[in-house]
Amino acid sequence: MLTGQSRSSDSAENDASQTSSPDAEKSGPTILAIDTASTSLSTAVLINGVVKGELYEDMERGQAEHLIGFIGETLDKAGVTFDDIDGIAVTVGPGAFTGMRIGLSTARAVGLARKIPVVGVSSLEAVAYGVSERDQQGRNILVALDSKRNEIFAQAFDGKKRPLSSPECVAPRQALMMAPPGDTLLAGDATPRLLTAAAHAPDAFYDCTAPGLPRAGNVARIAAERWERGENLAPVPMYLRAPDARRIEDQGPRKK
């Protein structure tokens, strides 16, 4: 039994109505996608370019305990088994240290067991991918994710959702400077912080309706595009800031 606010993705339900018959010729890889890199848990399967069985739940803790159950339910909803999966897509961050490791370790374990490739996808890229064409209208995108500290994780994308900058962990005002001149859409769960910082900015910044955190369906779609181009992002964590925990030997001498 799932906890919190679990729900099937609206996009997955819409895609399901367009799904071809089970006997249709396979036109692309079957990809299992996982996201645990932030304060949510999401899984989905991409079959013939269609997202199926997508699940999403706001979950700041407990992802390790619920991930396997999510995967099982997603596979059941999609009507496939592990034997049908051609590859695994997983978010590599930036995000929560523990969350990143949960998703990556699970994806690697499944990939190793099945002897199938594991594709890494940036959390920032996954959020940008979720911006609709109706919202974007060719404008640039600045994705901002909450780091739970003073800084935010940010990256700029152009009108075709191609990266314009590297992912960085910066203050909100610095993040705004990553966007090129002109109108820019803001996406991600740290958007309110950027809107506050942009109150007196010379350029126009707009909010949009895209989900503030990655959705596994979009993670799968990005992985499928890379699959077709023969590209890959290594499934290793994307750390943009130092961890809060430090080794004892790095903490300096104890106070007496």
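Below, the structure is looked at part by part. Keep in mind it's a predicted model, so treat the numbers as computed, not measured.

This part is about helix H8 (residues 216-229). Relative to the 20 Å expected for 14 residues at 1.5 Å per residue, H8 spans 20 Å between its end C-alpha atoms, a close match to the ideal helical length. Burial runs high along H8: 10 of the 14 residues are buried. Along H8, the positions that sit buried rather than exposed are Ala216, Gly217, Asn218, Val219, Ala220, Arg221, Ile222, Ala223, Ala224 and Arg226. A positive backbone phi angle near 70° is found at glycine 230, which sits one or two residues after H8.

For the bond running from glycine 93 to proline 94, omega is 5°, close enough to zero to count as cis. Mapped onto the secondary structure, proline 94 falls in the loop between strand E5 (87-91) and helix H3 (97-114). Unlike most non-glycine residues, asparagine 48 shows phi in positive territory, near 50°. Considering the arrangement of structural elements, one finds asparagine 48 in the loop between strand E3 (40-47) and strand E4 (50-58). You can call asparagine 48 partly exposed: its relative accessible area is 22%. A positive phi angle is found at glutamine 137, which is not glycine, with a value near 50°. Along the chain, the position of glutamine 137 falls in the loop between helix H5 (133-136) and strand E7 (140-146). A relative accessible area of 60% means that glutamine 137 is categorised as exposed.

Moving on, we get to the pattern of salt bridges. Tallying each qualifying case throughout the model produces five salt bridges. For the salt bridge of arginine 226 with glutamate 125, the shortest nitrogen-to-oxygen distance reads 2.5 Å. You can see arginine 226 sitting in helix H8 and its partner glutamate 125 sitting in helix H4 (residues 123-129), a full 101 residues away along the chain. Taken individually, arginine 226 and glutamate 125 each receive the classification buried, so the pair is uniform in this respect. Between aspartate 158 and arginine 162 there is a salt bridge, with its nearest N and O atoms 2.9 Å apart.

Definitions and cut-offs
- Residues numbered from 1 in each chain as written.
- Predicted model: local features only at pLDDT ≥ 70, side-chain atom pairs only at ≥ 80, totals over all residues.
- Heavy atoms only, no water.
- Helix = DSSP H or I, 4+ residues; strand = E, 2+ residues; numbered from the N terminus.
- Expected span 1.5 Å × (residues − 1).
- Buried < 20%, exposed > 50% of the residue type's maximum accessible area, 1.4 Å probe, protein only.
- Salt bridge = Lys/Arg side-chain N within 4 Å of Asp/Glu carboxyl O.

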